[in-house]
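Okay, here's what each chain looks like letter by letter:
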Amino acid sequence: MDFDTVFKTEERFKQAMPDPASMAGWTPRNAGAEIEQEPTPAQSCGADGDWYCARIARGEANFEAAGEQAQFDLTAFADSKAAQDACQKEKSWSAKYTKAEVPPVPGTESHAYYRNGGGLDGLYLTMCLGTVVAEVLLEGEGSSLDPATAHSLAQVFVPRIQKAATAA
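I will try to describe carefully the structure that is included in this document. Note that this is a predicted model, so its numbers are computed, not measured. (Residues numbered from 1 in each chain as written. Predicted model: local features only at pLDDT ≥ 70, side-chain atom pairs only at ≥ 80, totals over all residues. Heavy atoms only, no water.)

The next point concerns the overall build of the protein chain. Check the secondary structure of the protein chain and you find three helices and seven strands. Seen in sequence order, the protein chain has helices and strands lined up from the N terminus as α-β-β-β-α-β-β-β-β-α. Over its C-alpha trace the protein chain gives a radius of gyration of 15 Å, about what one expects of a compact globule, namely 15 Å for 168 residues. Projected onto the principal axes, the alpha-carbon positions of the protein chain cover approximately 40 × 35 × 30 Å. Within the protein chain, the fraction of its 168 residues that count as buried is 44%. A separation threshold of at least 6 residues defines the contact pool for the protein chain, and within that pool the share at least 24 residues apart is 58%. Per element, the accessible surface of the protein chain, about 8400 Å² overall, is 49% carbon and sulfur. (Helix = DSSP H or I, 4+ residues; strand = E, 2+ residues; numbered from the N terminus. Rg over C-alpha atoms; globule rule 2.2 N^0.38 Å. Buried < 20%, exposed > 50% of the residue type's maximum accessible area, 1.4 Å probe, protein only. Contact = heavy atoms within 4.5 Å. Areas by Shrake-Rupley, 256 points an atom, 1.4 Å probe, with all protein chains shown as cover.)

In structure tokens:
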């Protein structure tokens, strides 16, 4: 599903983020959205690893269960070209990490990788969807990080983003 909705209000982010009802078995930690007051124009960003440079807003929701943390991030851009550029920059940046085999998420261009640091192991699933780059991040004890979990969480996240995009 392709759409051109621009996520630039806290209400739009709230609609897109998983909530406690959609995350049965997970304990909510925090959620919020930050709207950029003066977004950086895409042409000023350059080709560096700062893939989110041209964002106009960002939202997140965090949950915890059985020693794992699940974080849902949604980074919004002014148009689908800026979002696609950001997604390609993020994919190039993440190529230095170990690729994770996560099944394709229907309706999205996606990639996944493992990242380690600060005593935590992480599995990052990044999806390009219209004017947004959506990420599902799992952090935990390493062996418990199952790509199927990231995929199932993406199955919660993507329909919520699509529903928020079509909301009046």
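Past the structure itself, the notes keep going.
On to the state of the cysteines, then. Applying the stated criterion across every chain yields a total of two disulfides. Residue Cys 87 pairs covalently with Cys 128 via a disulfide, S to S 1.5 Å. Because the torsion about its S-S bond is -55 degrees, the bridge between Cys 87 and Cys 128 counts as left-handed. Separated by 41 residues along the polypeptide, Cys 87 in helix α2 (residues 80-94) and Cys 128 in strand β6 (residues 120-129) bring together distant segments of the chain. In this structure, Cys 87 and Cys 128 share a single accessibility class: buried. Ordinal numbering of bonded cysteines along the protein chain defines a disulfide pattern of 1-2, 3-4. (Disulfide = S-S within 2.5 Å.)

What follows is about the nonpolar core. Counting residues in each nonpolar core, the largest one holds 36 residues, and the members touching the most others are Phe 7, Phe 72, Leu 74, Leu 125, Met 127, Phe 157 and Ile 161. Elements that contribute at least two residues to this core include exactly α1 (10-16), β2 (57-65), β3 (68-76), β6, β7 (132-140) and α3 (147-166). Tallying contributions element by element places α3 first for this core, with eight residues. Aside from chain neighbours lying at most four places away, what touches Phe 7 is Arg 12, Phe 13, Ala 16, Ile 56, Ala 57, Leu 74, Ala 76, Thr 131, Val 132, Ile 161, Ala 164 and Ala 165. Judged by nonpolar contacts, the second largest core, of eleven residues, contains Ala 83, Ala 86, Cys 87 and Val 133. (Core = buried A, V, L, I, M, F, W, Y, C linked by side-chain atoms within 4.5 Å.)

Under the definition given, this model contains six salt bridges. The shortest N-O distance in the salt bridge between Arg 29 and Glu 64 comes to 2.7 Å. With Arg 29 in strand β1 (residues 27-35) and Glu 64 in strand β2, this pair connects stretches of sequence that are 35 residues apart. The salt bridge involving Arg 55 is made with Glu 36; its shortest N-O contact spans 2.9 Å. Pair noted here: Arg 55 is in the loop between β1 and β2 and Glu 36 is in the loop between β1 and β2, with a separation of 19 residues, a long-range link. Each of Arg 58, Glu 60 and Asp 73 takes part in one network of salt bridges that share partners. (Salt bridge = Lys/Arg side-chain N within 4 Å of Asp/Glu carboxyl O.)

Mapped onto the secondary structure, Arg 160 falls in helix α3. A distance of 3.5 Å separates the side chain of Arg 160 from the backbone oxygen of Gln 15, its partner in a polar contact. A polar contact is formed between the side chain of Arg 160 and the backbone oxygen of Met 17, at a distance of 2.7 Å. (Polar contact = N/O pair within 3.5 Å; in protein donor to acceptor, adjacent residues only side chain to side chain.)

This part is about α2. Look at α2: 21 Å from first C-alpha to last across 15 residues, which is about the 21 Å you get at 1.5 Å a residue. Considered for burial, the residues of α2 that qualify are Ala 82, Ala 83, Ala 86, Cys 87, Glu 90 and Ser 94. The buried side chains of α2 occupy one side of the element, clustering within an arc of 135 degrees when seen end-on. Those residues of α2 that are exposed and angled more than 90 degrees off the buried face are Lys 81 and Ser 92. (Expected span 1.5 Å × (residues − 1). Arc of directions from axis to C-beta.)

The analysis is restricted to geometry; functional conclusions fall outside its scope.
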